[in-house]
Amino acid sequence: MAASSARRMSGKQMSELIIPFATRVLLSGVLLLLAGVFVWQVCRMWFNQSLVLAPFDFLEAGTPSPTSGEQFSRMVRAELVQLADLYSAGVVANQAAVPASGASTVAPMELPALFDVSFFESIELKAYGIEVGTMFKALRRHLESPSEITGSVTHQGTAYSVFAESRQSGLGAKGVHRWNIQYAKDLPEASRKFACNVFRLLAASDKSKHPDAMLYRAVDDEEFCLFNVALAAYDQYRQRKSLLSDADAAALLAQAEKPLTSLLNQDVVHFPYVHKLAALVFNEQKKYDLAEEEIRLHLAWLKREKRSEAAAQELLTQIKAKSLQKNPAVSRHRPLLPGTSVGSLTDDKAAGMICCFARAKDGTRYALSAATALGTSADTRIVQPAVRDGGTQADAIGQRDKTTDTIALVKLDALMTLRKDVPDLGAIGGFAPKLADGAVVVAYGFDGKRHEGKVISSGNTVPVNVGSKRVDVKNATVTSIDTGEELGGPVLTPDGKLVGMIFASSGNTTVVLPVEQVLKDMGLELIK
Amino acid sequence: MATGYKEAFGLADNPFGPTKAVLGMPLPLTANLQSRPLLLHRNANLNQLYCESLSSFQDACKELEAVIEVDGYTANPPDRGGTSYMVSIAGDRGAGKTTLACRMIQMMLERTPQGAAAWQVEELFLNSTQQTLSEQLDKLKALESKVIADQREYVCILVDDLLAEAYSGIATLYDNLLSQTVFFLVFTSWDPKMPEQIDKALHFVHRFSIPPLSPDDAVAFVTARYQRFRLPATNGVAAMPLFPFDEQDIRTAVAVRVISGASATGPVSLRMFATVLQAALLKRLKEIAAGNDPAFDLAAIPVAQLQALQIKVAQAYEIVVRK
């Protein structure tokens, strides 16, 4: 009994010690949490920038529809978030991706970033009904002085009209802004237009402290919305280009072009970024003259504003280069293709065509062309297309390697991708056997056209004047292909067998150098 | 004195298209020779312009000789047998078919025994590009009537440029003359369907074909002409026997089948080759005349400078840089 009394005493002492301690810990935690909440609320009171979108009054053919009003608010919020995304669009690199060397991407618009995007994520939607929580929220909003947007949507016949106003507490009439949107053909259009207007108001705000705030103030709501329609279509194109069919890509670009054309046709373009976006769209549409004109206007504006923009300058360079690339033969290709322009980066007069690709036993890959097409300097960087076709440092494909009197090899950069298809002629499928006189052969010209001819003779040694030197082309095939300037270009049979490379021309005949033995002598194998 | 072929090239005349009478022959026989056949059976002096070493001519003549010798047509002593022949010569336009046919007729004429009546020679020059089948058949019929009417013992008949479809006319001529006279009938045709027509008929035809000019033939042809026209010179021209042409260049041009100045590419014919060389010489002569250097004389030019005056007929190939 004494033992059991002692156990009871001991249990009582334990509970007397633990329970008060636990209670103190719990209460301290609650008080600290409340203190944190209060500090946070104090901060919000002074620094909060939340925008509150109240549910819109919605009249559907004269009948109120609260659900549609809420839906409209949600749509506007979504549009605002999307717009914010557009204006902060950039290329987010996929760290896990293995980029192909020289792979081309569509340039993003790269507008100067406007705001912290998270601000748009914090746009609050005001709920209907009277609840304690809602009342608390309303009280808090009064304390925090957020901007609140209220309004109404009317659907009559086939048109939607929106009337809305934003009001900032404590600023009186100065803090009021009104919008009136008429004749929107559907709800998405109405919400998009309205979101555009709100977005412009926020961008133009003194609070944004953005260098372009003045521009956003000067631009008309209608112009700004048109610009955003074009920007959204271009951004869709930019992000999905690799997945789009040609028709879909063209449709998206046309969708972007239409509002831009309307803006450009105005007497005055109030929003200078229109020119840059137009340049980007025209560039993708291969309307290089128009693209150059527009990017020059944008650059002129930048200069006037004493600003510089590397991306715009780079775009001009790219457009000028592409304007020279009027057909596939003289255009940039990644993967690399035989039958396309190639040349030396340092010798802008040296230009020819890629004949074919070959591989050494150690796996090193080479492009084959005529010696004179790749300049005279050893170890020079080789570009595709050639400098005369707009090739720049960014178009380098490899290093000039071994050469003979007739051919030169380009050691391709490790990540360079390539294909064996000659534009308009199809894939190279091995070497042609000795052809009979009169056999049909084809080549691809710098004019972007297929040139057909016949074998006049084969197996002869043909002397060719290379500058002051005479080179005897052994086992040459002379054809009636009338290309002429496609030095190094491949000559194929109609079924895609490689006859050789164009080495010299005269009148309407061409000397074709057989390359099978040349590759064999160099320990290379044709990639077919 | 104006610069002529002698001063410009060390040649008595244009070897491929003589401008003056050669060896006293009537001018019509050598006029525009670069584009016309040598009608050897008409004048024996034309033999000096004939190139016996052309492989196709040589082979055909040897083969014919072997056939006719067996039949009693001997050259030494001249004698003739009683067999009639039908000979066809095929080849591209300008290959030398008519010249070879004339040489064959000449071979028959040479086989006339002393004191015997000469061969009657009948020539029928047709034009396959301008004549219709019925026109050609009508002309063959007229020829047949004439030969039968003349009632000569030995007759050589040349029918030039026959359409393949007109072969039936030649076959009829052959059949109808067999009982009338001993004859040597040679016809030429460039029509690719002719061999098929001959195969269909049951007549025995001695067939010959002239292939495109080979590089060796081309050099042999120029050499043969130069033997007649080259003038002796003291400077280095002797070391360049084909001056102003170059043997290697000629070989390349013919092998590659692209000749500078020719209107077409492909297999080289004798006529095309002769025309190009004749025109090249004439052009250079005009250039020298236009240069207003009346004192130009090849004989006075040092041998080291002769190479620079050569005329290249092979197409000059160059690396063409994009403009």
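Residues numbered from 1 in each chain as written. Chains lettered and ligands numbered in written order. Predicted model: local features only at pLDDT ≥ 70, side-chain atom pairs only at ≥ 80, totals over all residues. Heavy atoms only, no water.

On to the overall build of chain A, then. Counting its secondary structure elements, chain A contains twelve helices and 23 strands. Residues counted as buried form 48% of the 528 residues belonging to chain A. For chain A, the accessible surface area stands at approximately 26,800 Å², while carbon and sulfur atoms represent 56% of it. (Helix = DSSP H or I, 4+ residues; strand = E, 2+ residues; numbered from the N terminus. Buried < 20%, exposed > 50% of the residue type's maximum accessible area, 1.4 Å probe, protein only. Areas by Shrake-Rupley, 256 points an atom, 1.4 Å probe, with all protein chains shown as cover.)

What follows deals with the sheet that holds strand 3 (residues 85-91) of chain B. Residues and elements named next belong to chain B. Taken together, the five strands give an open sheet; going across it, the order is 4-5-6-3-7, and neighbouring strands pair in parallel fashion. The two strands at the open ends of the sheet, each matched to only one other strand, are strand 4 (120-125) and strand 7 (206-210). Strand-to-strand twist of the sheet, defined as the mean angle between neighbouring strand axes without regard to direction, takes the value 15 degrees. Strands in contact with helix 3 (residues 55-70) are strand 3, strand 6 (182-189) and strand 7; relative to strand 7, the strand with the most contacts, it is inclined by about 170 degrees. (Pairing = 2+ DSSP bridges. Axes fitted to C-alpha atoms, helices over the stretch in contact; angles between N-to-C directions. Contact = heavy atoms within 4.5 Å.)

Before going further, it helps to examine the pattern of salt bridges. All names here are of chain A. Across all of its chains, the model carries 29 salt bridges over all chains by this definition. Residue K241 pairs with E284 through a salt bridge whose shortest N-O separation is 3.7 Å. Of this pair, K241 sits in the loop between helix 7 (221-240) and helix 8 (246-264) while E284 sits in helix 9 (residues 273-284); the two residues are 43 residues apart in sequence, bridging distant segments of the chain. The buried category is assigned to E284, whose relative accessible area is 13%. (Salt bridge = Lys/Arg side-chain N within 4 Å of Asp/Glu carboxyl O.)

Moving on to unusual backbone geometry. With an omega dihedral of -5 degrees, the bond running from B:N76 to B:P77 counts as a cis peptide bond. Mapped onto the secondary structure, B:P77 falls in the loop between strand 1 (74-75) and strand 2 (78-79). B:P244 follows B:F243 through a cis peptide bond whose omega is 10 degrees. Even without glycine at this site, A:Y183 takes up a positive phi of about 60 degrees. For A:Y183, the location among the structural elements is in strand 7 (residues 176-184). Backbone geometry places A:N475, a non-glycine residue, at a positive phi of 55 degrees. Within the fold, A:N475 resides in strand 19 (residues 469-479).

A few words now on the interface of chain A and chain B. Each side of the interface is counted separately: chain A has 30 residues, and chain B has 16 residues. A combined buried area of about 1,900 Å² lies between chain A and chain B, and 55% of that area is made up of carbon and sulfur atoms. Our count for the contact surface shared by chain A and chain B stands at one salt bridge. A salt bridge links B:R257 to A:D437, with the nearest nitrogen and oxygen atoms 2.5 Å apart. One can count seven residue pairs in polar contact (both at pLDDT 80 or more) joining chain A with chain B. Those elements giving two or more residues to the side of chain A that touches chain B turn out to be strand 18 (450-466), strand 21 (498-506) and strand 22 (509-513) of chain A. (Buried area = accessible area lost by both parts, 1.4 Å probe. Polar contact = N/O pair within 3.5 Å; in protein donor to acceptor, adjacent residues only side chain to side chain.)

Inspection of the entire model under this criterion finds 24 aromatic pairs over all chains. Judged by centre distance (5.4 Å) and plane angle (90 degrees), the ring pair of A:W179 and A:F194 falls under edge-to-face. Of the two residues, A:W179 is situated in strand 7 and A:F194 in helix 5 (residues 187-204); the sequence distance between them amounts to 15 residues. Just as A:W179 is buried, A:F194 falls in that class too. Residue placement shows B:R93 over the ring face of B:W190; its charged tip is 3.7 Å from the ring centre. (Phe/Tyr/Trp six-rings, centres within 6.5 Å; stacked < 30°, edge-to-face > 60°. Lys NZ or Arg CZ within 6 Å of the ring centre and 35° of its normal.)

Residue and element names in this part refer to chain A. Counting buried positions over the nine residues of strand 21 gives nine, a clear majority of the element. Here three bridges tie strand 20 (residues 490-492) to strand 21, and the two strands are oriented antiparallel to one another. Opposite P490, over in strand 21, you have M501 as the bridge partner. In textbook terms, the turn of a hairpin is the stretch between consecutive antiparallel strands, and for strand 20 and strand 21 this stretch comprises five residues, one of which, G496, has a positive phi near 85 degrees.

This part covers the pairing of strand 4 of chain B. Residue and element names in this part refer to chain B. Judged by which residues are buried, strand 4 turns out to be one-sided: Q120, E122 and L124 face inward and are buried, whereas V121, E123 and F125, on the alternate face, are not. Where strand 4 and strand 5 (residues 154-160) come together, six bridges link them in parallel fashion. In the sheet register, Q120 faces strand 5, and the bridge partner there is V155. Taking the sense of rotation as the criterion, the β-α-β connection linking strand 4, helix 5 (residues 133-150) and strand 5 turns out right-handed. (Right-handed = clockwise from strand over helix to strand, strands pointing away.)

As a note on interpretation, predicted positions should not be read in detail where pLDDT is low. All names here are of chain A. For chain A, mean pLDDT is 83; residues scoring 70 or higher make up 82% of the total. Here residues 90-97 is a poorly scored stretch, pLDDT under 50, and it has three contacts once near neighbours within four places are set aside; other chains count. Contacts of residues 113-117 to residues separated by more than four positions or lying in other chains number 15 contacts, the stretch itself having pLDDT below 50. (pLDDT = per-residue confidence, 0-100.)

Okay, the sheet that holds strand 13 (residues 396-403) of chain A next. All names here are of chain A. Reading across from one edge, 9-8-12-13-14-11-10-23 is the order of the eight strands in this open sheet, with antiparallel pairing throughout. With one partner strand each, in any of the chains shown, strand 9 (351-353) and strand 23 (524-526) form the two edges of the open sheet. Here the average twist between neighbouring strands, direction ignored, is 40 degrees. Both strand 8 (residues 341-344) and strand 9 contribute to a ladder of three bridges, which runs antiparallel. Looking across to strand 9, one finds that G343 is bridged to A351.

The next point concerns the nonpolar core. Counting residues in hydrophobic clusters, the biggest one holds 80 residues, and the most contacted among them are B:F184, B:F245, B:I250 and B:F273. At ten residues, helix 10 (residues 270-290) of chain B tops the list of elements feeding residues into this core. (Core = buried A, V, L, I, M, F, W, Y, C linked by side-chain atoms within 4.5 Å.)

Turning next to the packing of helix 8 (residues 215-229) of chain B against helix 10 of chain B. All names here are of chain B. Running from amino to carboxyl end, helix 8 crosses helix 10 at an angle of 50 degrees, the nearest separation of the two axes being 11 Å. If you check the angle between helix 8 and helix 10, you find them oblique. In terms of crossing hand, the pair formed by helix 8 and helix 10 is right-handed. Two secondary-structure elements touch here, helix 8 through A218, F221 and V222 and helix 10 through L270, F273, A274 and L277. Considering only residue class, the contact of helix 8 with helix 10 consists of seven nonpolar, no polar and no charged. (Parallel < 35°, antiparallel > 145°, perpendicular 65-115°, else oblique. Left-handed = near helix turned anticlockwise from the far one by under 90°. Nonpolar A, V, L, I, M, F, W, Y, C, P; charged D, E, K, R; others polar.)

Before going further, it helps to examine the packing of helix 5 of chain B against helix 6 (residues 167-178) of chain B. Residues and elements named next belong to chain B. Running from N to C, helix 5 and helix 6 cross one another at 15 degrees; their axes reach a closest spacing of 9 Å. Taken together, the axes of helix 5 and helix 6 lie roughly parallel to each other. As for how helix 5 packs across helix 6, the hand of that crossing is right-handed. Contacts from L137, L140, K141, L143, E144, V147 and I148 in helix 5 reach S168, G169, I170, T172, L173, N176 and L177 in helix 6. Classifying every residue of the contact of helix 5 with helix 6 gives eight nonpolar, four polar and two charged.

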